[in-house]
Structure formats: structure tokens, C-alpha cells
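Remarks on the overall topology
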Amino acid sequence: MTSRETLTRQEALQHFHEFLPALPSYGAARNQVQPAYGNVSRLSASIRFRTLLEDEVIETTLEHHAFESVEKWLQEVCWRRYWTGWLAQHPEIWTRWRRNVRTLHEELSAERLARAEAVMAGKSGVACMDAMARELIATGYLHNHARMWWASFWIHVERLPWALGADFFFRHLLDADPASNTLSWRWVAGLQTAGKAYVVRLSNIKKYAPHYLTGNPAGHERLADDAVSAVFIREDAVIKTPHQTVPISVTQPVGRFGFWLHPDDLTPEIGPLAELRPTSIAACWSERVYREKYRLSEQRIIALRTVLGDGLARASVHFECPSLTLNGDDPVAAVCAWAVEQQLVQVIGFAPMVGPVQDMIPRLKEGLGKLGIPLTLVRRPSDATAFSFASAGFFPFWQQMRRHLTVLQA
Ligand SMILES: Cc1cc2nc3c(=O)[nH]c(=O)nc-3n(C[C@H](O)[C@H](O)[C@H](O)COP(=O)(O)OP(=O)(O)OC[C@H]3O[C@@H](n4cnc5c(N)ncnc54)[C@H](O)[C@@H]3O)c2cc1C
């Protein structure tokens with residue numbers, strides 16, 4: 001299988017419009033892992049980096065279909081926002097996970113680490129799981145069901161630390177999302193919903209993806225329905241951070257100001273910042289940090305470069321001003337240098353989500369602050385609404401979201 005992820009906005013819009021007529025049958029079809037993936041959208045990379053907005057996916061869906069006929073699809077599209085809003089209130093989970101990944105490499109025995117490496121390389125000896133690992137490495141994509149099986153196999157069959165498995169996904173998935181990935185892994189591990197873990201079963205794979213099993217039965221016995229039981233892991237209680245109010249609009253500053261574009265939102269031409277008239281636009285990232293600190297795969301790096309380039313090109317046309325990519329070892333220093341060189345009085349951008357970009361914010365604020373340049377971060381109003389619903393489980397979230405979307409369609 002080859003990588004077919006949509007990355008640029010044009011590709012994503014075209015693909016979404018082609019998929020649109022299939023949405024009423026999505027709910028019944030989505031769990032099946034078909035080799036060509038025709039029953040799912042494969043829009044996740046575009047949605048994660050926001051070259052395609054959840055808002056426009058929802059709006060266009062509701063323009064073409066009655067709510068009830070596409071409810072399952074709308075629910076799934078809202079899952080990422082739910083996880084993102086939930087993680088915003090529990091950012092410690094992200095920080096702890098990143099710390100765990102580092103310490104596990106130092107603390108795990110050489111034997112366990114070697115086993116982890118073998119399983120990730122598709123050499124566990126369980127043929128269907130090895131096929132999934134190799135598919136992930138080759139294409140940067142796995143169907144949702146395959147992600148669940150593989151994560152469960154890693155945790156409950158191989159009994160390896162969930163944090164390292166989540167890191168493997170984060171390094172390879174083209175849609176890698178700090179919230180959806182970390183929290184889905186925690187859900188499989190039984191950490192997200194108390195007392196509930198997801199346990200892989202051979203009968204479930206047989207039902208939903210027999211093609212993974214054909215040809216090579218090696219290791220099936222390790223997945224037999226009565227062979228796997230959940231491993232429950234203990235962890236220190238997670239502290240909930242009070243809901244943070246972030247501005248949802250900004251007025252055009254007097255004087256020269258810069259637009260800071262980053263991979264958490266790459267469609268600035270739609271939404272609360274679209275009417276601004278910046279002097280300069282910059283997207284910053286550090287290939288070296290992504291390679292060395294996060295150890296991202298080569299196709300992840302290429303995908304990031306592609307989505308950033310696409311966002312930057314569109315922003316430049318929309319705002320009618322020059323744009324540049326700052327790719328340096330220290331992105332914070334690069335943004336500060338850009339602000340000085342462009343004689344900016346302010347820098348404006350979208351508020352990042354919990355993850356690598358948000359981790360830069362304290363230093364960025366401090367750096368720009370020392371130069372007397374305020375950094376203003378704005379949240380989309382629709383994110384603010386969705387995040388305010390995301391303080392408990394998904395189903396209370398969905399009840400509120402459903403009401404909200406039904407009103408929008410009326
Ligand atoms: C262990 C594990 C790790 C995961 N890691 C990620 C990740 O890093 N990034 C990511 O975007 N999704 C992640 N998911 C969720 C889900 O598997 C993918 O979003 C989905 O498979 C993407 O394929 P698609 O675009 O064809 O989805 P479709 O079925 O077409 O769904 C449409 C859109 O809805 C959203 N969506 C669907 N299912 C989920 C879900 N369960 N959770 C959150 N959003 C969902 C995505 O934006 C997706 O593009 C993970 C799930 C598991 C079990």
C-alpha cells in the first residue's frame with residue numbers, strides 16, 4: 001500500500017468533496033478495514049494540521065445531508081476536538097508522556113528495549129501485527145481499528161510500556177496529533193477511562209480485517225480470544241488545569257505587525273484572523289529539533305514541510321504580503337530575529353494546542369517581551385465552544401455538541 005494522505009488544502013478539499021456522497025453509509029462501513037480504505041475519508045492529516053478545517057467539514061456535510069443520516073461521521077470528526085479540548089485541561093499528560101519516553105530509553109533493560117525495537121520493526125513473530133507495523137512505517141497511515149489492535153497488542157500482549165508505543169505512532173503517523181494519539185493510547189491502556197482497557201481479539205480481526213490474517217498464521221495463538229487479558233497500569237493522579245480563557249478575536253494593530261503561522265492551524269484565510277493586514281508572515285519550525293528531539297520519520301518531516309509550505313503560500317496570497325519559512329535550530333530565536341528585522345510592533349497568530357508548538361510559547365513570549373513586542377494568540381470561536389464542552393467524557397461532550405450543531409443546521 002502506498003501513502004495517499006491528502007496534505008495540501010486543494011487536495012483535501014477535492015478529496016472531501018469526492019467522499020461527501022458516501023457519508024450516509026460511513027457509520028455502517030467505517031469499522032471494516034478494507035485494503036484500499038475506500039470506506040473512510042483519510043482526511044486526518046489535513047484535519048490535524050488544519051489545511052482543512054473541522055468547521056468547514058461540518059458545515060459542508062450539513063449542507064448536503066440531514067443531521068441524523070451523518071451523525072456517526074460528525075461524531076468522529078468531533079472526536080479530535082474533544083481530545084484536544086480535554087488535553088488542554090490536562091496538559092501535564094503531554095509533559096509526562098514526553099518525559100516518560102526519554103526516561104524509558106534510559107531505564108528499560110537492554111533486553112526489553114531490543115524487544116520493543118523488534119516489535120516496532122515488524123519482527124514480533126505475530127504476522128498480522130508485523131504487517132501493520134510495516135504498513136505504518138511504509139505509508140504513515142493505519143486504519144483506526146488497526147491502530148487499536150496494534151496498540152493493544154503492544155500493551156496487553158507484548159506488555160511493553162504504552163508511552164514507547166505511542167512514541168512509535170507519533171514518529172510515523174502523518175496525522176500524528178498530540179491529543180488524539182496520546183489519549184487514544186491511554187484509552188487502550190485503561191488509563192483514560194477508569195477500569196476499561198481495550199483488549200485485542202483474534203475473532204475481531206477476523207471479522208473486520210481478514211486480509212491481515214491470510215497467508216501467514218504465525219503467532220495467531222497469542223491473540224486468541226481467551227489468551228489475552230488486560231494489563232492494568234497504575235499512575236499518579238493527573239491534575240486538572242482550570243479552563244483558560246483565550247481571546248477569540250483581535251483588532252488590527254496600528255503599525256507594522258507580523259503573522260506567525262504554525263502547524264496547529266494552517267488556514268488563516270478563514271476565521272477570526274482573516275481580515276487582518278499583516279506586514280510579514282513567518283512560519284517557523286526546526287527540522288533538527290523534529291529529527292533529533294522527536295525522532296520523526298523522514299516522511300513525517302516531508303509532510304510537515306509540505307503542509308507548512310502550502311499554508312504559507314495561501315497566507316501570502318490572501319494577506320497580500322511576503323512570507324518566509326524560518327527553519328533554524330532555535331525557532332524562538334528565529335521568530336525574535338524576524339520580528340526585529342521587520343520592525344514589528346506586535347506578532348499575532350493562532351493559539352497553539354498542547355504539543356510541540358505550545359511548548360515554545362513561554363520562551364517565545366519572554367523573548368519577544370524583552371524586545372517590547374507583544375505576542376497575541378487567538379483561538380477560533382468554534383474551538384472555544386467545543387473545548388468548553390470537553391471537561392468530562394466524550395458522550396456528555398457529544399450531547400452538548402450535538403445540540404450546538406443541530407441549532408447551526410436549523
Ligand atoms: C492508538 C490510536 C492512535 C491514534 N492516533 C491518532 C493521531 O495521532 N491523529 C489522529 O488524527 N487520529 C488518531 N487516532 C484516531 C483515528 O484512528 C484516526 O483519526 C483515523 O483513523 C484517521 O483516518 P481517517 O481520516 O480515514 O478517519 P475517518 O474515519 O474518515 O474519520 C474522519 C476524521 O475524524 C477524525 N477521527 C476519526 N476517528 C477518530 C478518533 N478515534 N479519534 C480522534 N479523531 C478521529 C479524524 O480527524 C478523521 O480524519 C488514533 C487512534 C488510535 C486508536
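Here, the structure is the one placed above.
These notes cover the structure that comes with them. (Residues numbered from 1 in each chain as written. Predicted model: local features only at pLDDT ≥ 70, side-chain atom pairs only at ≥ 80, totals over all residues. Heavy atoms only, no water.)

Here's the deal with the side chain of Arg380
Note that Arg380 resides in the loop between strand 5 (375-378) and helix 17 (381-388). Under the relative-accessibility criterion, Arg380 is labelled buried at 4%. At a separation of 2.7 Å, a polar atom in the side chain of Arg380 contacts the side chain of Asp265. Setting aside chain neighbours within four positions, we find Arg380 in contact with Arg50, Leu53, Asp265, Thr267, Ile270, Gly271, Pro272 and Phe350. (Helix = DSSP H or I, 4+ residues; strand = E, 2+ residues; numbered from the N terminus. Buried < 20%, exposed > 50% of the residue type's maximum accessible area, 1.4 Å probe, protein only. Polar contact = N/O pair within 3.5 Å; in protein donor to acceptor, adjacent residues only side chain to side chain. Contact = heavy atoms within 4.5 Å.)

Focus on the nonpolar core
Grouped together as the largest cluster of nonpolar side chains are 117 residues, with contacts concentrated most on Trp73, Met129, Trp149, Trp150, Trp154, Tyr212 and Leu223. When near neighbours in sequence (up to four residues on either side) are disregarded, Tyr212 contacts Val33, Tyr37, Cys128, Ala131, Met132, Glu135, Leu142, Ala146 and Trp149. (Core = buried A, V, L, I, M, F, W, Y, C linked by side-chain atoms within 4.5 Å.)

Describing empty space enclosed by the protein
Under the defined criterion, the tally for this structure stands at three cavities of 30 Å³ or more. Taken as a whole, the largest cavity encloses approximately 90 Å³ of empty space. Taken together, the elements giving at least two residues each to the lining of the largest cavity come down to helix 3 (44-49), helix 14 (298-319) and helix 16 (356-370). Residue classes in the lining of the largest cavity are distributed as nine nonpolar, no polar and three charged. Within this model, the second largest cavity holds a volume of roughly 70 Å³. Considering the residues around the second largest cavity, the lining is formed by Arg48, Arg80, Thr84, Leu87, Asp177, Pro178, Ala179, Asp264, Met353 and Val354. (1 Å grid on protein atoms, 1.4 Å probe; cavity = no way out; pocket = protein on both sides within 12 Å on 5 of 7 lines; lining within 4 Å. Points joined across faces, edges and corners; volume = space filled by probe spheres on them. Nonpolar A, V, L, I, M, F, W, Y, C, P; charged D, E, K, R; others polar.)

Focus on helix 8 (residues 127-139)
Taking 1.5 Å per residue as the helical rise, helix 8 with its 13 residues ought to reach 18 Å, and the 18 Å between its terminal C-alpha atoms agrees with that figure. Of all the residues in helix 8, the buried ones are Ala127, Cys128, Met129, Asp130, Met132, Ala133, Glu135, Leu136 and Thr139. Looking at the buried positions of helix 8, the neighbouring elements they touch are helix 7 (110-120), helix 9 (144-157), helix 10 (162-172), helix 12 (202-208) and helix 14. Just beyond helix 8, the residue with positive phi is Gly140, at close to 75 degrees. (Expected span 1.5 Å × (residues − 1).)

Quick word on the pairing of strand 1 (residues 257-261)
Burial within strand 1 is extensive, with five of its five residues counted as buried. The alternating pattern of strand 1 places Phe257, Phe259 and Leu261 on one face and Gly258 and Trp260 on the opposite face, and all of these are buried. Two elements, strand 1 and strand 4 (residues 346-350), share four bridges in a ladder whose sense is parallel. Counted as the bridge partner of Phe257 is Gln346 from strand 4. As paired strands, strand 1 and strand 2 (residues 280-285) are joined by four bridges and run parallel to one another. (Pairing = 2+ DSSP bridges.)

Some thoughts on the environment of Asp55
Relative to the assigned elements, Asp55 resides in helix 4 (residues 54-64). By relative accessible area, Asp55 is classed as partly exposed at 27%. For the pair Asp55 and Asp383, spaced 328 residues apart in the sequence, the C-alpha separation amounts to 9.2 Å. With residues near it in sequence (within four places) discarded, Asp55 still touches Arg81 and Ser382. Within the structure, Asp55 has its side chain in polar contact with the side chain of Ser382 (distance 2.6 Å).

Thoughts on the packing of helix 1 (residues 9-19) against helix 4
The angle between the axes and the distance between the axes are what describe a pair of packed helices. Here helix 1 crosses helix 4 at 25 degrees, and the two axes come no closer than 12 Å. Taken together, the axis directions place helix 1 and helix 4 in an arrangement best described as roughly parallel. Judged by the twist between their axes, the crossing of helix 1 over helix 4 is right-handed. Facing helix 1, whose interface residues are Arg9, Leu13, Phe16 and His17, helix 4 presents Glu56, Val57, Thr60 and Thr61. Partitioning the contact of helix 1 with helix 4 into residue classes produces three nonpolar, three polar and two charged. (Axes fitted to C-alpha atoms, helices over the stretch in contact; angles between N-to-C directions. Parallel < 35°, antiparallel > 145°, perpendicular 65-115°, else oblique. Left-handed = near helix turned anticlockwise from the far one by under 90°.)

Details of the side chain of Arg186
Along the chain, the position of Arg186 falls in helix 11 (residues 178-189). A polar atom in the side chain of Arg186 sits 2.8 Å from the side chain of Glu235. Beyond its immediate sequence surroundings of up to four residues, Arg186 is in contact with Ile93, Trp162, Leu191, Gln192, Glu235 and Val238.

Some words on helix 15 (residues 331-341)
Here helix 15 has its buried residues at Pro331, Val332, Ala334, Val335, Cys336, Trp338 and Ala339. Contact partners of the buried residues in helix 15: strand 1, strand 2, strand 3 (323-327), strand 4 and helix 16. Residue Gln343 follows helix 15 closely and has a positive phi angle near 55 degrees.

Side note on the sheet that holds strand 3
Spatially, 3-2-1-4-5 is the arrangement adopted by the five strands of the open sheet, whose pairing is parallel. A single partner strand is all that each edge strand has here, and the edge strands are strand 3 and strand 5. Taking each pair of neighbouring strands and ignoring which way they run, the sheet shows an average axis angle of 25 degrees. Those strands touched by helix 15 are strand 1, strand 2, strand 3 and strand 4, and its axis lies near 165 degrees from that of strand 2. Seen against the sheet, helix 16 touches strand 1, strand 2, strand 4 and strand 5 and runs at an angle of roughly 150 degrees to strand 5.

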